[in-house]
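# Geometric and topological summary
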Amino acid sequence: MSALTPEKVAHVRELLQRGLAIPAHPLALTSERQLDERRQRALSRYYVDAGVGGLAVGVHTTQFAIREVGLYEPVLRLAMDAVREWAPGDRELAMVAGICGQTAQAVAEARTAHGLGYHAGLLSLAALRGQREDALIAHCEAVAREIPLIGFYLQAAVGGMDLSAEFWARFASIDNVVAIKVAPFHRYRTLDVVRGVVMARAEKRVSLYTGNDDHIVLDLVTPFTVPRDGEPVTVRFRGGLLGHWSVWTSSAVRILDQCQAAAKRGEVDAQMLALDSRVTDCNSAFFDVANDFHGCIAGCHEVLRRQGLLEGIWCLDPQEGLGQGQKDAIDRVYAEHADLADDAFVAANLSRWLG
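A brief report on the enclosed structure follows. (Residues numbered from 1 in each chain as written. Predicted model: local features only at pLDDT ≥ 70, side-chain atom pairs only at ≥ 80, totals over all residues. Heavy atoms only, no water.)

### Some thoughts on the nonpolar core
- Counting residues in each nonpolar core, the largest one holds 131 residues, and the members touching the most others are L16, Y118, F171, I180, L208 and F286.
- For this core, the element with the most residues is helix α3 (residues 72–86), which contributes 8 residues. (Core = buried A, V, L, I, M, F, W, Y, C linked by side-chain atoms within 4.5 Å. Buried < 20%, exposed > 50% of the residue type's maximum accessible area, 1.4 Å probe, protein only. Helix = DSSP H or I, 4+ residues; strand = E, 2+ residues; numbered from the N terminus.)

### Examining empty space enclosed by the protein
- Following the criterion strictly, the structure yields 4 cavities of 30 Å³ or more and no others.
- What lines the largest cavity is a set of 20 residues, among which H60, T61, K181, D213 and F287 lie closest to the centre.
- Split into classes, the residues belonging to the lining of the largest cavity amount to 13 nonpolar, 5 polar and 2 charged.
- Volume-wise, the second largest cavity comes out at about 90 Å³.
- What lines the second largest cavity is I216, V217, H244, W245, V247, W248, S251, A252, I255, V279, C282 and L340.
- For the lining of the second largest cavity, the leading source of residues is helix α9 (residues 249–265), giving 3 residues.
- Of the residues belonging to the lining of the second largest cavity, the class tally is 10 nonpolar, 2 polar and no charged. (1 Å grid on protein atoms, 1.4 Å probe; cavity = no way out; pocket = protein on both sides within 12 Å on 5 of 7 lines; lining within 4 Å. Points joined across faces, edges and corners; volume = space filled by probe spheres on them. Nonpolar A, V, L, I, M, F, W, Y, C, P; charged D, E, K, R; others polar.)

### Focus on the sheet that holds strand β3 (residues 94–99)
- Spatially, 8 strands are ordered β1-β10-β7-β6-β5-β4-β3-β2 in an open sheet, and the strand pairing comes out parallel. On the outer flanks of this sheet lie β1 (21–23) and β2 (54–57), each paired with one strand and no other. Shown here is a sheet whose adjacent strand axes are inclined to one another by a mean of 25°, direction ignored.
- The pairing of β2 with β3 spans 4 bridges and is parallel. (Pairing = 2+ DSSP bridges. Axes fitted to C-alpha atoms, helices over the stretch in contact; angles between N-to-C directions.)

### Looking at the environment of P223
- Structurally, P223 is set in the loop between α8 (216–221) and β8 (224–228).
- C-alpha separation for the pair P223 and A263, spaced 40 residues apart in sequence, amounts to 8.1 Å.
- Apart from the residues lying within four places of it in its own chain, the contact partners of P223 are T234, V235 and R236. (Contact = heavy atoms within 4.5 Å.)

None of the figures reported here should be taken as evidence of function without further support.
Here it is as structure tokens:
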């Protein structure tokens, strides 16, 4: 395994500063709930051809339970091999590995990911829920010594915890931190991350990526301005790292391009604001908001199943599936927001991806 050098960290930081669409990679299973390598590989190929800037693997959308059944390393390796084989040689995708657990587990996962060639680790703190801030920072520092680190503000509904602006200032000051995925689904807490990064004077070296599925477009077009030393400091989200973007992905890439163009012009029109509400409406169905996110993984599987990328919506946990009424909700958003889907793109390429 090559050493984690300052040059390598700088390269990852520059890559993420470009502002990328990074979908969270789902897990393809057979009806026996075993890894379906053919369809897992097809998903990676789909994302590459959809124009993404990276992939996040081993994260919530991939199902944290892969660790319990010995699939963490195989799934990470499969995605890395698929991207290296499918993406053009001159195109570098930012490969992000999910990292979780207590410190010993998190450090081991970081070493595994780094050894496989992953650029960065997305660190979940859910296993440390209830610990004091000093312990959280020490944990983050230990993992950051192994791999360039992306922070993860996870919403409480799926295991996250409330974290202060002061925590994010300390986190952003850690060597080898390159980005933060902001996903509390909460505007006040989103502002806490922005404030923390500005407090740490890290806005030029720590990229913000939205994971706020309830306001994807709005995060990407909003200038977040907070004062420092009596002067305004404006920070923008550079891209997105989202489970939502695991479906209708070519459309998601196009939306990111539109948001970045609007932000660069400094002109966000009513149509763009309306797009925010439409994307949020789709997310409400895919993530099963009506049932407190019970079907947030299965809902994305259902979209991919309809397109033929997945054979079924099976999860490792047999208790995970669509929530009550979720299928009807997905039917509705498919009908009402058909222009946001990419079914034609998938249909035109599916046999090649599965080949």
